[in-house]
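Single-letter residue listing:
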Amino acid sequence: DVQLQASGGGLVQAGGSLRLSCAASGFRFGEYTIGWFRQAPGKEREGVSAVNNGDGSTRYADSVKGRFTITSDNAKNTVYLQMNSLKPEDMAVYYCAADHYSSSYYYIDLLRLVYDYWGQGTQVTVSS
């Protein structure tokens, strides 16, 4: 069965860094797009970043461009989100999700795919 496990969250001071991991199993990793989403109390869920494992393309929300980097390790079936220069507004529960999409259409926004599979979240707390 499909399993996604997010880990790596914790407490960090503003300006610091964290690396989140999403370990996947139960599906053909190379045929899927993996996305990171976050939700803070009282706010809507927000797409953060995504990687298309078919062509390697990536997508970042404007709020994290230049600070976050998403990478995919096919040998380990794991996607990472390196978060640098963290800000208090980055504080949220971070979730990873998977969608069966690996094509390369220009008009597709990877953060607007309908993600079928979701893992448990990992808490990121940023102190000021």
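Refer to the structure printed above.
Computed from a predicted model, the values in this text were never measured in an experiment. (Residues numbered from 1 in each chain as written. Predicted model: local features only at pLDDT ≥ 70, side-chain atom pairs only at ≥ 80, totals over all residues. Heavy atoms only, no water.)

Undergrad: Requested: an account of the environment of Ile-70, with residues and values cited.
TA: Mapped onto the elements, Ile-70 comes out in strand β7 (residues 68-73). Remark: the alpha-carbon pair of Ile-70 and Gln-5, spanning 65 residues in sequence, is separated by 16 Å. Not counting residues up to four positions away in its chain, the partners in contact with Ile-70 are Ile-34, Trp-36, Ser-49, Ala-50, Val-51, Thr-58, Tyr-60, Val-79, Tyr-80 and Leu-81. (Helix = DSSP H or I, 4+ residues; strand = E, 2+ residues; numbered from the N terminus. Contact = heavy atoms within 4.5 Å.)

Undergrad: Account for the side chain of Arg-67, naming residues and giving values.
TA: Residue placement: Arg-67 occurs in the loop between β6 (58-60) and β7. Among the residues examined, Arg-67 registers a relative accessible area of 10% and is labelled buried. Excluding anything up to four places from it in sequence, Arg-67 contacts Gln-82, Met-83, Asn-84, Ser-85, Leu-86, Lys-87 and Asp-90. (Buried < 20%, exposed > 50% of the residue type's maximum accessible area, 1.4 Å probe, protein only.)

Undergrad: I'd like a rundown of the sheet that holds strand β1 (residues 3-7), residues and numbers included.
TA: With antiparallel pairing, the 4 strands of this open sheet are ordered in space as β1-β3-β8-β7. The open sheet has two edge strands with one neighbour each: β1 and β7. Strand-to-strand, the axes of this sheet are offset by a mean angle of 15°, without reference to chain direction. Pairing of β7 with strand β8 (residues 78-83), which is carried by 6 bridges, proceeds in the antiparallel orientation. Each bridged residue has a counterpart across the sheet, and for Thr-69 the counterpart in β8 is Gln-82. (Pairing = 2+ DSSP bridges. Axes fitted to C-alpha atoms, helices over the stretch in contact; angles between N-to-C directions.)

Undergrad: Describe the environment of Val-48, and please don't skip the residues or the numbers.
TA: In this structure, Val-48 sits in strand β5 (residues 46-52). Sequence separation between Val-48 and Gln-5 is 43 residues; the distance between their C-alpha atoms is 17 Å. With sequence-adjacent residues up to four places away left out, Val-48 is seen in contact with Trp-36, Phe-37, Arg-38, Arg-59, Tyr-60, Ala-61, Val-64, Phe-68, Leu-81, Tyr-94 and Leu-111.

Undergrad: Go over the packing of aromatic side chains with me, naming the residues and quoting the values.
TA: Within the structure shown, the criterion is met by 6 aromatic pairs. With centroids separated by 6.4 Å and ring planes inclined at 50°, the aromatic side chains of Tyr-32 and Tyr-117 adopt a geometry described as tilted. Of this pair, Tyr-32 sits in the loop between β3 (18-25) and β4 (33-39) while Tyr-117 is found in strand β10 (residues 117-118), placing the two residues 85 residues apart along the sequence. On the basis of relative accessible area, Tyr-32 is assigned to the buried category, the value being 9%. For Tyr-117, a relative accessible area of 32% gives the class partly exposed. Here the aromatic rings of Phe-37 and Trp-118 are separated by 5.0 Å at their centres, their planes lie at 50°, and the arrangement is tilted. Placement of Phe-37 in strand β4 and of Trp-118 in strand β10 is noted, with a sequence separation of 81 residues between them. (Phe/Tyr/Trp six-rings, centres within 6.5 Å; stacked < 30°, edge-to-face > 60°.)

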